[in-house]
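Chain and residue survey
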Amino acid sequence: MEHSSKGERKIDVTSLFKEADILTDHVDVVETKGMYPYKANIEENWVYYTAVAMKRLMVLLNRERRITKTIGIIGIGNGIEAIAMAKIFQGELKHIIMTDIDKDVLCGAVRNVSNSISDCTLKLTPLIGSLCKPIERTGCKVDFVYGNIPNLPTTGYDDISKGAERGTFISPSAYEASMPPEIFSRWALAAQFAYLQGAKRILALGGSVITELGGRLPISVIQELFKELGLGFQEIIVGFKVQTEAFIDFQGYQRFEKEYGTSFEFYLYKESKALLESKGISNPSSDVSGEEVKEWLKPFKVSAGEALNLYQKNIHVGHTVHVLRGNLK
Ligand SMILES: C[S@@+](CC[C@H](N)C(=O)[O-])C[C@H]1O[C@@H](n2cnc3c(N)ncnc32)[C@H](O)[C@@H]1O
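First, a word on scope: everything that follows refers to the structure included in this document. (Residues numbered from 1 in each chain as written. Predicted model: local features only at pLDDT ≥ 70, side-chain atom pairs only at ≥ 80, totals over all residues.)

Details of the overall build of the protein
Along the backbone of the protein there are 13 helices and 14 strands. In terms of overall dimensions, the protein is globule-like: its C-alpha atoms have a radius of gyration of 19 Å, near the 20 Å expected for 329 residues. The principal-axis extents of the C-alpha atoms in the protein amount to approximately 50 × 45 × 45 Å. Counting the 329 residues in the protein, one finds 48% classified as buried. Pairs at least 24 apart in sequence give 76% of the contacts found in the protein among residues at least 6 apart. (Helix = DSSP H or I, 4+ residues; strand = E, 2+ residues; numbered from the N terminus. Rg over C-alpha atoms; globule rule 2.2 N^0.38 Å. Buried ≥ 20, exposed ≤ 12 C-beta atoms within 10 Å, placed from the backbone. Contact = placed C-beta atoms within 7 Å.)

As for the site of the ligand
Around the ligand, a shell composed of 23 residues is seen, among which Gly75, Gly77, Ile101, Asn148 and Gly167 lie nearest. Breaking the shell around the ligand down by element, the ones donating at least two residues are helix 2 (46–63) and strand 5 (95–100). Considering each element in turn, the shell around the ligand owes the most residues, three residues, to helix 2. Tallied by class, residues from the shell around the ligand come to twelve nonpolar, seven polar and four charged. (Near = placed C-beta within 6 Å. Nonpolar A, V, L, I, M, F, W, Y, C, P; charged D, E, K, R; others polar.)

Regarding the pairing of strand 14 (residues 317–328)
Counting buried residues in strand 14 gives ten out of twelve residues, a clear majority hidden from the surface. Where strand 10 (residues 203–214) meets strand 14, seven bridges bridge the pair, whose relative direction is antiparallel. Counterpart to Val209 in the pairing with strand 14 is Gly326. For strand 11 (residues 231–242) and strand 14, the ladder comprises eleven bridges, and the chain directions are antiparallel. Across the sheet, the residue bridging to Val238 is His322, located in strand 14. Note that strand 12 (residues 266–268) and strand 14 share two bridges and pair antiparallel. Across the sheet, Tyr267 pairs through a bridge with Gly318, a residue of strand 14. (Pairing = 2+ DSSP bridges.)

Observations concerning the packing of helix 2 against helix 3 (residues 80–88)
A packed helix pair is summarised by two numbers, namely the angle formed by the two axes and the spacing between the axes. One can describe the packing of helix 2 onto helix 3 by two numbers: an axis separation of 10 Å at closest approach and a directional angle of 25°. Our classification of the angle between helix 2 and helix 3 gives roughly parallel. Crossing geometry of helix 2 relative to helix 3 is assigned as right-handed. Counting all contacts with helix 2, which are made through Val47, Thr50, Ala51, Met54, Lys55 and Met58, the residues of helix 3 involved are Ile80, Glu81, Ala84, Met85 and Ile88. Here the contact of helix 2 with helix 3 is composed, by residue class, of eight nonpolar, one polar and two charged. (Axes fitted to C-alpha atoms, helices over the stretch in contact; angles between N-to-C directions. Parallel < 35°, antiparallel > 145°, perpendicular 65-115°, else oblique. Left-handed = near helix turned anticlockwise from the far one by under 90°.)

Looking at helix 2
Taking 1.5 Å per residue as the helical rise, helix 2 with its 18 residues ought to reach 26 Å, and the 26 Å between its terminal C-alpha atoms agrees with that figure. Of all the positions in helix 2, only Trp46, Val47, Tyr48, Tyr49, Thr50, Ala51, Val52, Ala53, Met54 and Leu57 are classed as buried. Turning to helix 2, the residues buried within the fold contact helix 1 (14–19), helix 3, strand 10, strand 11 and strand 14. (Expected span 1.5 Å × (residues − 1).)

Structural notes on the nonpolar core
Among the nonpolar cores identified, the biggest contains 95 residues, and Ala82, Val145 and Tyr195 are the most heavily contacted of them. Once residues within four sequence positions are removed from consideration, Ala82 is found in contact with Ile73, Ile76, Ile96, Met98, Ala109 and Val113. (Core = buried A, V, L, I, M, F, W, Y, C linked by C-beta atoms within 7 Å.)

A short note on the environment of Pro134
Relative to the helices and strands, Pro134 is located in helix 5 (residues 133–138). For the pair formed by Pro134 and Ser116, sequence separation is 18 residues and the distance between their alpha carbons is 25 Å. Excluding residues that lie within four positions of it along the chain, Pro134 makes contacts with Thr99, Leu127, Ile128 and Gly129.

Observations regarding unusual backbone geometry
Pro284 follows Asn283 through a cis peptide bond whose omega is 0°. With respect to the helices and strands, the residue Pro284 is situated in the loop between helix 11 (269–278) and helix 12 (290–297).

Focus on the packing of helix 10 (residues 246–260) against helix 13 (residues 304–312)
Axis separation between helix 10 and helix 13 bottoms out at 8 Å; the angle between their running directions is 150°. On the basis of the axis angle, helix 10 is roughly antiparallel to helix 13. Here helix 10 runs over helix 13; the crossing is left-handed. Residue-level contacts link Ala246, Phe247, Phe250, Gln251, Tyr253, Gln254 and Glu257 of helix 10 to Ala304, Gly305, Ala307, Leu308 and Tyr311 of helix 13. Among the residues making up the contact of helix 10 with helix 13, the classes are represented as eight nonpolar, three polar and one charged.

Observations regarding helix 9 (residues 219–228)
Within the sequence span of helix 9, burial applies to Ile219, Ile222, Leu225 and Phe226. Axial view of helix 9: buried residues confined to an arc of 115°, hence all on one face. Among the exposed residues of helix 9, those pointing more than 90 degrees away from its buried face are Ser220 and Lys227. Its buried side turned inward, helix 9 meets helix 7 (182–186), helix 8 (190–200), strand 10, strand 11, helix 12 and strand 14. (Arc of directions from axis to C-beta.)

Written out as structure tokens, the structure is:
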């Protein structure tokens, strides 16, 4: 890994593609200061689960005889997911629209994607703005839109010039106008509500909205969210990862626990990992459901408040990872 004077670092991410079984030559990306940070351990990166999920999604779409020509990506970060999608959907994919709330992040992502894809006929459109709004403004329709968006509201004390914070917190102004019902706000799903609602306005006929979400809450609440928005609910993969940005996340979810009396669902990392390995489940997997995995992990469940205490004792806590597909009914 090479660091530059501007605080940028060049990272070799070839092994992530290999681990996700995506055929590729060498892939480097440059991470700028404000980008959501890449982690040395592959399974700690959301984008690893995204890459595996996209391969599974392609199988599902092929079965349904759907062609993917245009993809929208909300909150692109370093751009690795766009590189993965370009490789997976190569041949049919013509256009990727990438958005982020931050201009520098977006410019860096465009550089990374352009440097890593050989298909010069693939059009890349970068758009700055919140959630699906910038795509909606263009009038473009996408075959699917993908987002791994922050779920915790900014508190005013977090420094969102830093990548970890910018990847974790979202301004309430991004979702307030969508008026999420109280139940979803209580479970820190207000931004998800706004993302899924906005996505419906940019989907081509038969298109899908894909969301990647930490399973820190009951699956039934997520199903209710999709139902409320008139979206079919389909699981693409379920995985398990350690909570990254642990301190700010535990604190953020604990604030909700105190305010609304909810209890979020984290799991003791070592015990959960051992149990999933003993069951021979790959991480992530499309052979089991999120509900099944969460049921197995129930003996190791801890709240955000408990996770914060464990953090102070240096005991690691994780959460399930879900890549979900919503279809217009
Ligand atoms: C959790 S990071 C995910 C980055 C990358 N997609 C990944 O999975 O590794 C969230 C990204 O969303 C961006 N973001 C934050 N608020 C946003 C908003 N309101 N609209 C669009 N993007 C936003 C952040 O700058 C960050 O790049």
